[in-house]
Amino acid sequence: MASENSPLLAYRLLGEEGAAFPLPGAGGPGAASARKLSTFLGVVVPTVLSMFSIVVFLRIGFVVGHAGLLQAMVMLLVAYFILALTVLSVCAIATNGAVRGGGAYFMISRTLGPEVGGSIGLMFYLANVCGCAVSLLGLVEAVLDVFGADPTGSSGLRVLPQGYGWNLLYGSLLLGLVGGVCTLGAGLYARASFLTFLLVSGSLASVLVSFVAVGPRDIPITPRPGVNGSSVPPRFGHFTGFNSSTLKDNLGAGYAEDYTTGAMMTFASVFAVLFNGCTGIMAGANMSGELKDPSRAIPLGTIVAVAYTFFIYILLFFLSSFTCDRTLLQEDYGFFRAISLWPPLVLIGIYATALSASMSSLIGASRILHALAQDDLFGMILAPAKVVSGGGNPWGAVLYSWGLVQLVLLAGKLNTLAAVVTVFYLVAYAAVDLSCLSLEWASAPNFRPTFSLFSWHTCLLGVASCLLMMFLISPGAAGGSLLLMGLLSALLTARGGPSSWGYVSQALLFHQVRKYLLRLDVRKEHVKFWRPQLLLLVGNPRGALPLLRLANQLKKGGLYVLGHVTLGDLDSLPSDPVQPQYGAWLSLVDRAQVKAFVDLTLSPSVRQGAQHLLRISGLGGMKPNTLVLGFYDDAAPQDHFLTDPAFSGHAGGTGESGSPSLSTLFPPPRAPGSPRALSPQDYVATVADALKMNKNVVLARACGALPPERLSRGSGSVSQLHHVDVWPLNLLRPRGGPGYVDVCGLFLLQMATILSMVPAWHSARLRIFLCLGPQEAPGAAEGRLRALLSQLRIRAEVQEVVWGEGARTGQSQEEEEEGDFVNGGRGDTEAEALACSANALVRAQQGRGAAGGPGAPEGGRDVGEGPITVLTFLYLPRPPADAARYPQYLALLDTLSRDLGPTLLVHGVTPVTCTDL
């Protein structure tokens, strides 16, 4: 080892994360006995071994020789600062609850969710597997440096044959030893770790004593690989003892070529190697299931271990700079053996740390894999890792990991993989910091760790530092690891994961939404930013799926609430019948792929329930401003669950994950002629109530006849031209002249324009019909309307139609205020005739491409070769002031909209258009 010719620089010879031992069983007989490790044995020992590993013996000279003492100290301070930030996050999360098997994976997945946690957990597992292989290969090369057969034929202890096959054999034998220890259980591993700790401590103690006890000496430098030693004069490095001149010469940097690889060293490359030797900080936290008092042991033990290793590194840096010249430091990274009082003890320390690193990586990997398998995130591929012994040792995961390590050993030298392993660990550390940051920002009441020496500033700085370190070590590996994490997250998202872990994203969203809702001041609303916020009242969603999707398109990024009224009186019921229904309605929203909230209420009548929902739905500035209802007619209800592609495959039996299908959660449609929950009188009264509450109203008729492509989430591009017809005036009381477009007419135009902005409706042409009075000249009103549309930035085709001779062209202000829908002097027969005339006028315009005849079924379309009208917007008159005339009003609406196909009757009471920027 006096001449370390193996290219260990590129290897990650670290003691990686310690094992995470699952509890034998929560509350079981073995649970109490499992928690038997003290702070020293359970946290300090594994963490110190993980942070020291083989690097403490073989890279001190490398760092000080190239960087100099001052830059080496700066590097050490920066590295430990980064690690200390993560340590604070680890301690905070670990003391907020028990961390079971999986260590960092458990922390991340239970905070950030299975998608992020599972992807990082798998990367963390692969890092441990590769780290175990790298440690074993490093141990093989360290052994062969002393005992390997020399090609020159030198005798002595150098008897072991070398070569790829032999190296693989040695690595496999050592893996068998390590795997055997891990397979026999965590108890044997813990005892082996303590023995390793004693050996490493004794070796380090001998090195520290040797710096003082050994006198100055010259140490021969073995020629670099590929150089003929007989052709160059012998070179020596000098151990000067404590000498101020030596210290002065070693203060500054002196970057040169690395003699093991021939690469030119820089600050970044040396810092990367040093940083690799300082990781392993979560070894103690991963053993929380074995600790007597984890909330005290994890923060105390981890901090003690970090401080101890930091002190040892500083001491070794200082002693090396004070006693060894630059040549010795740069040309012999294993100079500890050359200056040791008893060189074999240094060899024992090197071998012990390498063996400890491989055991720690293997048992840590098995615990992570077992946790991943138990969570069933990756399906059957990890099923063997679920097998455990009677004592709770996951030997199935150990054997699984053992096999993977053996495959990695076949690769031989892992120069490029070593950087990837380091980056994977940094990704896990960054995720732990992000988890703690998320919990802190979410301000969740249940996040109250007993360790309080942290803040969101330290967490955020830890995330940034780990990400920066990743790209400093290897930009390619960092980018590849983030890409791999994204792909794994997408895979897990597609598979779906458990929803009972409590995602911090939901707490963060709650925190931010509450904050911004408070800032969404209704007093600052402006008409130019108005958007529809819909409350759709649904009796039975089986018959309302097309309307449910159409309303989702009409909302234009606004609030969309699905409301349902359950009839009953809570005083006469043993429990609230509404709460158990939320799950079914939320499943409906998911299956229909609409962006809607669900609001259910219990009321003695549908009318009162609608009043409740109109008043209390929403929050702050996000409250419904438009009520949407299906039309009240005699059409037989359809069961769209049987025909809709999103529901027809789940019409019976059970749904996903064995849950009841939606068909069993919602009753069958109402049979024709059966009693209805809402009377015609209450239906019109509900419309009147909404208008009294200053809510806009939309009544939807025959939406089941809408083309499926118009309700899909795709582009909806079709070869045949479609029309959307808009009649922005009251056809039961038509008006001409310049003032015919009132607030309600502008609202109707706005709703039609909003629908035309939806991708599925882009190809539909908007047609606006302008009714001329008997004495009105053609062209004048059309010009005014076109000018208005130009100001409103509405692209539409304007068509003039002549209204019948019997129609009124004006009305009194008193009639408008009363909300009368026909002249009070006219009889019911004349009003019916007026509605029939208006219906015929609308159908005549539709008949240019399609029309359902008077005898056609509701929504029927006789589609021709020309353009067809797929949706009609009609002006909805106000209900009469006299409640006794509600049935006549509903009958007139039925006559007006009969056989028009899909129709929306709209009445707006609020200004919604603006011509300003």
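This one's a predicted model, so the numbers in the text were calculated from it and none came from an experiment.

**Thoughts on the overall build of the chain**
Within the chain one finds 31 helices and 12 strands. Taken across its 917 residues, the chain has 54% of its residues classed as buried. Summarising the internal contacts of the chain: among those between residues at least 6 apart in sequence, 82% fall at separations of at least 24. With an accessible surface of roughly 37,100 Å², the chain has 62% of that area assigned to carbon and sulfur atoms.

**Here we look at the pattern of salt bridges**
Scanning the model with the defined rule gives 9 salt bridges in all. Of the charged contacts, one joins Arg 542 and Asp 639 as a salt bridge, the two residues approaching to 2.8 Å between their closest N and O atoms. Of the two residues, Arg 542 sits in the loop between β3 (534–537) and α20 (545–554) while Asp 639 sits in the loop between β6 (626–630) and α23 (645–648), which places them 97 residues apart along the sequence. For the residue pair Arg 542 and Asp 639, the accessibility class agrees, reading buried in each case.

**A short note on the packing of aromatic side chains**
On inspection of all chains with the given rule, the structure shows 25 aromatic pairs. Between Tyr 80 and Phe 310, the ring centres sit 5.0 Å apart and the planes meet at 55°, which makes this aromatic pair tilted. With Tyr 80 in helix α4 (residues 60–94) and Phe 310 in helix α11 (residues 294–323), this residue pair connects regions lying 230 residues apart in the sequence. Phe 310 gets classed as partly exposed once you look at its relative accessible area, which sits at 23%. We note Arg 591 situated over the ring of Phe 647; from NZ or CZ to the ring centre the distance is 5.9 Å. Lying across the ring of Trp 761, Arg 710 places its NZ or CZ 5.6 Å from the centre.

**What to know about the nonpolar core**
Where a protein is soluble and globular, its nonpolar side chains tend to be buried together. Counting residues in hydrophobic clusters, the biggest one holds 153 residues, and the most contacted among them are Phe 57, Phe 211, Leu 316, Phe 317, Phe 336 and Val 405. With near-sequence residues (within four places) excluded, Phe 336 lies in contact with Val 56, Phe 57, Ile 60, Val 207, Phe 211, Leu 316, Ser 320 and Val 346. By size, the runner-up hydrophobic cluster in this structure holds 68 residues, among which are Leu 588, Val 598, Met 751 and Leu 789.

**Digging into the environment of Leu 437**
Topologically, Leu 437 is positioned in helix α16 (residues 415–442). For Leu 437, a relative accessible area of 4% translates into the label buried. Taking the C-alpha atoms as reference points, Leu 437 and His 457, 20 residues apart in sequence, are found 8.3 Å from one another. Sequence-distant contacts of Leu 437, that is, excluding residues within four places in its chain, are made with Trp 456, Cys 459 and Leu 460.

**Things to note about the confidence of the model for the chain**
For the chain, the mean per-residue pLDDT works out to 80, and 82% of the residues sit at or above 70. In this model residues 849–864 is a low-confidence stretch, pLDDT under 50, and it forms 36 contacts with partners more than four residues away in sequence or in other chains.

**With respect to the packing of helix α2 (residues 39–52) against α11**
Between two packed helices, the angle of one axis relative to the other and the distance separating the axes together describe the packing. As a packed pair, α2 and α11 sit with axes 8 Å apart at the nearest point and diverge in direction by 35°. Relative to α11, α2 is oriented so that their crossing is right-handed. A per-class count over the contact of α2 with α11 returns 14 nonpolar, 5 polar and 1 charged.

**Some details on α20**
α20 sits mainly inside the fold: 10 of its 10 residues count as buried. Lys 556 sits one or two residues past α20 and shows a positive phi near 50°.

**A few points about a nonpolar patch on the surface**
There is a patch of nonpolar side chains on the surface, built from Phe 40, Leu 41, Phe 194, Leu 195, Leu 198, Leu 199, Val 209, Leu 341, Trp 342 and Ile 348 and spanning about 890 Å² of accessible area. Of all the elements in the fold, those that place two or more residues in the nonpolar patch are α2 and α8 (186–213). The leading source of residues in the nonpolar patch is α8, at 5 residues. Mapped onto the elements, Phe 194 comes out in helix α8.

**Points about the packing of α20 against helix α27 (residues 743–756)**
Where α20 meets α27, the axes come as close as 8 Å, and the angle between the chain directions of the two elements is 95°. Taken together, the axes of α20 and α27 lie roughly perpendicular to each other. Across the interface between the two elements, Leu 550, Gln 553 and Leu 554 of α20 pack against Met 751, Ile 754 and Leu 755 of α27. Of the residues belonging to the contact of α20 with α27, the class tally is 5 nonpolar, 1 polar and no charged.

Cut-offs and rules
- Residues numbered from 1 in each chain as written.
- Predicted model: local features only at pLDDT ≥ 70, side-chain atom pairs only at ≥ 80, totals over all residues.
- Heavy atoms only, no water.
- Helix = DSSP H or I, 4+ residues; strand = E, 2+ residues; numbered from the N terminus.
- Buried < 20%, exposed > 50% of the residue type's maximum accessible area, 1.4 Å probe, protein only.
- Contact = heavy atoms within 4.5 Å.
- Areas by Shrake-Rupley, 256 points an atom, 1.4 Å probe, with all protein chains shown as cover.
- Salt bridge = Lys/Arg side-chain N within 4 Å of Asp/Glu carboxyl O.
- Phe/Tyr/Trp six-rings, centres within 6.5 Å; stacked < 30°, edge-to-face > 60°.
- Lys NZ or Arg CZ within 6 Å of the ring centre and 35° of its normal.
- Core = buried A, V, L, I, M, F, W, Y, C linked by side-chain atoms within 4.5 Å.
- pLDDT = per-residue confidence, 0-100.
- Axes fitted to C-alpha atoms, helices over the stretch in contact; angles between N-to-C directions.
- Left-handed = near helix turned anticlockwise from the far one by under 90°.
- Nonpolar A, V, L, I, M, F, W, Y, C, P; charged D, E, K, R; others polar.
- Patch = residues over 30% accessible without salt bridge, like charges linked within 9 Å, V, L, I, M, F, W, Y side chains within 5 Å.
- Parallel < 35°, antiparallel > 145°, perpendicular 65-115°, else oblique.

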